[in-house]
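Understanding the architecture of this molecule
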Amino acid sequence: MNPQITNLAIMLIMMQVSRRLDMEDPTIVFYVRIAYCSSVALAWIVYQLARSRIVQKNDLTTIKFVAPANAMAGETEGKLQVTTVRDYDLKELDSAIKSIYTGLAMMGFMHLYMKYTNPLLMQSISPIKSALEHNEVKIHLFGKPASGDLKRPFKAPSLFGGFGGAPAAKTDKKSIEEAEKAGHGGVKTE
Amino acid sequence: MSILGPLVKVADAINALNAKYTALTFQEQKALTVMERVRFYNWTFEFWALGLLALIYVFHVIGTKLNKNRADNIFAALTQCFDELAFAKVGFSTRTSKNQPFVAEKNNTWFTSFATGRSCVESITVRARLLARFNPLSIVMEKALGMFFPSLVASDMDEFVDITIKANGVYVASTTADLPKSPNDAAAVLSKFKFIASIVNKSDMTKARENNYYLSLTHTSESEKLPLEYVYMSENKQLNSVFDHYGGATLKPLLSESARFLSFLAFTDLPETKPISDKLWERYQQPRCVIRTKVVTSAADTACLNKLVKAAVAIVDAATQDYVQNPVKAFVTNDMLKRSANLRSQELAKIVKVMKQAERELLQEKKQELEREKRRESRNKLSGEEQDKAEQKMRERRERRQRNKQKMRM
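One numbering rule holds for all chains: residues counted from 1, following each sequence as written. Chains and ligands are labelled by the order in which they are written, letters from A for the one and numbers from 1 for the other. Only residues with pLDDT of at least 70 are given local features in this predicted model, and only at 80 or more are side-chain atom pairs given and counted; all residues enter the totals for whole chains, interfaces and linings.

1. Notes on the pairing of strand β4 (residues 121-129) of chain B
Residues and elements named next belong to chain B. Here is the rule we go by: For two strands to count as paired, DSSP must find a minimum of two bridges between them. Strands are runs of DSSP state E lasting at least 2 residues, helices are runs of H or I lasting at least 4, and numbering of each runs from the N terminus.
With 7 bridges connecting them, strand β3 (residues 110-116) and β4 associate as antiparallel partners. What sits directly across from serine 113, in β4, is valine 126. A loop of 4 residues connects β3 with β4, the two strands running antiparallel in sequence, and glycine 117 in this loop sits at a positive phi of about 85°. With 8 bridges joining them, β4 and strand β5 (residues 160-167) adopt antiparallel strand pairing. Within the sheet, the bridge partner assigned to valine 126 lies in β5 and is isoleucine 163.

Structure below.
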């Protein structure tokens, strides 16, 4: 099942659960905090385990692909990425770990400063779920082969199957050769 | 609670430190002697502030010294290497008799050294950039900002050492031999260095291509001739073997040893920054060898860096010797150079095309601005009634155009 849809379903279920709980009760707030913190800690541990496996494997096979243009940064053409399997995996994992920190900061602000407890309860499953569904975790901890959906570079997930997702990275020989000789490097911004 | 609540709380707590003192009336304060006032006043905040200033000063001194020590370590090793390579002049002359091995700039964050006067090599320039260790707060801020907003932080502000070896095309067989008589020979030899061939560390491939124009024109390929940590980035595959041919069997183990710190070793004639006009293209073409490394600190790494510089100079020496003494034996053939020249003419054509397009756009803008100015002037010359008439005419024309457009759509 599409992870985005299950996330939505979990969110709806947790909303119903949170409506039935007395969020003013300090004991419940305490347990909700414990649930959220354990979920985040577990997710972090899972990512770190995968990270150590990647470093241990030290797969230096080169991968080349043309990353889609970032319209937000004013790019019109895709950028060639020449990296190794190890660096690509570490980059993916680091961005996942970074998203944990961002989530923690947001939840900290909402719960400690704004005094909301509901978001804490709703977010107490998704960190560990995302960690277990992460492509790198599937490859390095669950030992799935890096082919099909797990072939690098990974496709950006979309909510409605093939529609509405971010453009995929190009891996065909022609696009790579064109990007290799494009001479886009060394552009210095003032 | 407002968003500034915590700040207000801190300010209140600081003010509360001297609530007793500020509660005194003017007469009561006047009655106190200076010493009594000093004793009565709570100096906690001031002591903390002074402590912070002292801490900033200590960080400044330690950070600056740390950078200086690192630079001393690198440049002492490199100076020794240049001496061994028999350069006539190493470092910079000063007013005193003492030679200055390197120059420090921008509060010990940029360091430069220079060596010249040798067969085959016009000069070697070493540039090292170190972090501003005297300001740890800015380092932490930059790192934190770069983690969440990478586009806000300059990407090329890491520490590095750049060693540029410029070839001169003049081969002198021994220290007693004469210089070549015809200066044209040197230019002809230098023209044989107009190619891009490099060995790039796999950890820095994308970054190296992004920051260096010449590397962004190359094809990346793995090879068994290289240690696992490196790839070739050359403008055509044949040029990959230039390292093997001139570097010999010692290059591969040396590269393995240097994998911790070496980013790339490149032979190029094109600039690092992408030229935006044909004049800049011509101006910045300089055949050279570039060695980019991380900042090395250990004795083993500096020794390795020295070996790497010697290996690069040996390649320049061997290639120049081939071109001067036996051009037929030279590795880079005329066919390879022809392909390189083709790539350069294509790149130049691209640059000229973009430049011309930019010029056209600029001209168009100027023309439009002139027309607007002309229209404004002619309108100002008219009387009030005539102006109204002209505006009415313009409005009617606009409306007519809009109607026509709508009809077309229908």
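2. Considerations on the UniProt feature "transmembrane region" (unreviewed entry) in chain B
Where we set the bar: UniProt positions are given in the numbering used here, feature names are shortened, and annotations may be inferred rather than shown by experiment.
Annotation from UniProt places "transmembrane region" (unreviewed entry) at residues 40-62 of chain B. Summarising residues 40-62 of chain B: 87% helix, 0% strand, and an end-to-end C-alpha distance of 37 Å.

3. Observations regarding unusual backbone geometry
Residues and elements named next belong to chain A. Here is the rule we go by: Counting other C-beta atoms within 10 Å of each residue's C-beta, where C-beta atoms are placed from the backbone, gives the exposure class: buried for 20 or more, exposed for 12 or fewer, partly exposed between.
For the bond from arginine 152 to proline 153, the omega torsion is -10°, close enough to zero to count as cis. Note that proline 153 resides in the loop between α6 (135-140) and α7 (173-180). Residue lysine 115 is not a glycine yet carries a positive backbone phi of 65°. Of note, lysine 115 is situated in the loop between α3 (85-113) and α4 (118-122). Lysine 115 gets classed as exposed once you count the C-beta atoms within 10 Å, which come to 10.

4. Structural notes on the UniProt feature "transmembrane region" (unreviewed entry) in chain A
The feature "transmembrane region" (unreviewed entry), as annotated in UniProt, sits at residues 28-47 of chain A in this numbering. Split by type, residues 28-47 of chain A is 100% helix and 0% strand. Its first and last C-alpha atoms lie 29 Å apart.

5. Some remarks on the interface of chain A and chain B
Short version of the rule: For the purpose of contact definition, each residue receives a C-beta atom placed from its backbone, and two residues are in contact when these atoms lie within 7 Å. As a working rule, the residues Ala, Val, Leu, Ile, Met, Phe, Trp, Tyr, Cys and Pro are called nonpolar, Asp, Glu, Lys and Arg charged, and the rest polar, with Gly in that last group.
Listed as interface residues are 20 residues of chain A and, on the opposing side, 24 residues of chain B. Secondary structure elements with two or more residues in the side of chain A that touches chain B: β1 (62-67), β2 (79-84) and α3 of chain A. Taken together, the residues of the side of chain A that touches chain B sort by class into 6 nonpolar, 8 polar and 6 charged.

6. Overview of the packing of helix α5 (residues 44-84) of chain B against helix α12 (residues 299-325) of chain B
Residue and element names in this part refer to chain B. We count it as follows: For helices, the axis comes from a line fit to the C-alpha atoms of the stretch in contact; other axes are also lines fit to C-alpha atoms, and the angle between any two N-to-C directions lies between 0 and 180 degrees. We call two directions roughly parallel when the angle between them is under 35 degrees, roughly antiparallel when it is over 145, roughly perpendicular when it lies between 65 and 115, and oblique otherwise. By the definition used in this description, the sense in which the near helix is turned from the far one sets the handedness, with an anticlockwise turn below a right angle giving left-handed and a clockwise turn giving right-handed.
Running from N to C, α5 and α12 point in directions that differ by 40°, and their axes come no closer than 10 Å. Judged by the inter-axis angle, α5 sits oblique to α12. Considering only the axes of α5 and α12, their crossing is right-handed. Contact residues: α5 offers Asn73, Ile74, Ala77, Leu78 and Cys81, while α12 offers Thr302, Leu305, Asn306, Val309 and Lys310. Residues that form the contact of α5 with α12 fall into these classes: 6 nonpolar, 3 polar and 1 charged.

7. Points about the nonpolar core
Heads up, the rule is: Residues of type Ala, Val, Leu, Ile, Met, Phe, Trp, Tyr and Cys that are buried and joined through C-beta atoms within 7 Å form what is called a nonpolar core.
Counting 77 residues, the largest nonpolar core has Ile199(B), Ala312(B) and Val316(B) as the members making the most contacts within it. Sort the elements by how many residues they give to this core and α12(B) lands first, with 12 residues. Excluding residues that lie within four positions of it along the chain, Val316(B) makes contacts with Cys120(B), Val121(B), Ile165(B), Ala167(B) and Cys289(B). By size, the runner-up hydrophobic cluster in this structure holds 16 residues, among which are Tyr36(A), Val46(A), Ile54(A) and Met122(A).

8. Considerations on the environment of Asn211(B)
Residue and element names in this part refer to chain B. Tracing the backbone shows asparagine 211 in helix α8 (residues 205-211). On the basis of neighbour counts, which here come to 21 C-beta atoms within 10 Å, the residue asparagine 211 falls in the buried class. Here the alpha-carbon distance between asparagine 211 and leucine 53, two residues 158 residues apart in the chain, equals 38 Å.

9. Some points on the packing of helix α2 (residues 26-57) of chain A against helix α5 (residues 126-133) of chain A
The angle between the axes and the distance between the axes are what describe a pair of packed helices. Residues and elements named next belong to chain A. The N-to-C vectors of α2 and α5 enclose an angle of 20°; their axes lie 7 Å apart at closest approach. The angle between the axes of α2 and α5 places the two elements in the roughly parallel class. Note that α2 runs across α5; the crossing there is left-handed. Contact residues: α2 offers Ser39, Val40, Leu42, Ala43, Val46 and Tyr47, while α5 offers Pro127, Ile128, Ser130, Ala131 and Leu132. For the contact of α2 with α5, a count of residues per class yields 9 nonpolar, 2 polar and no charged.

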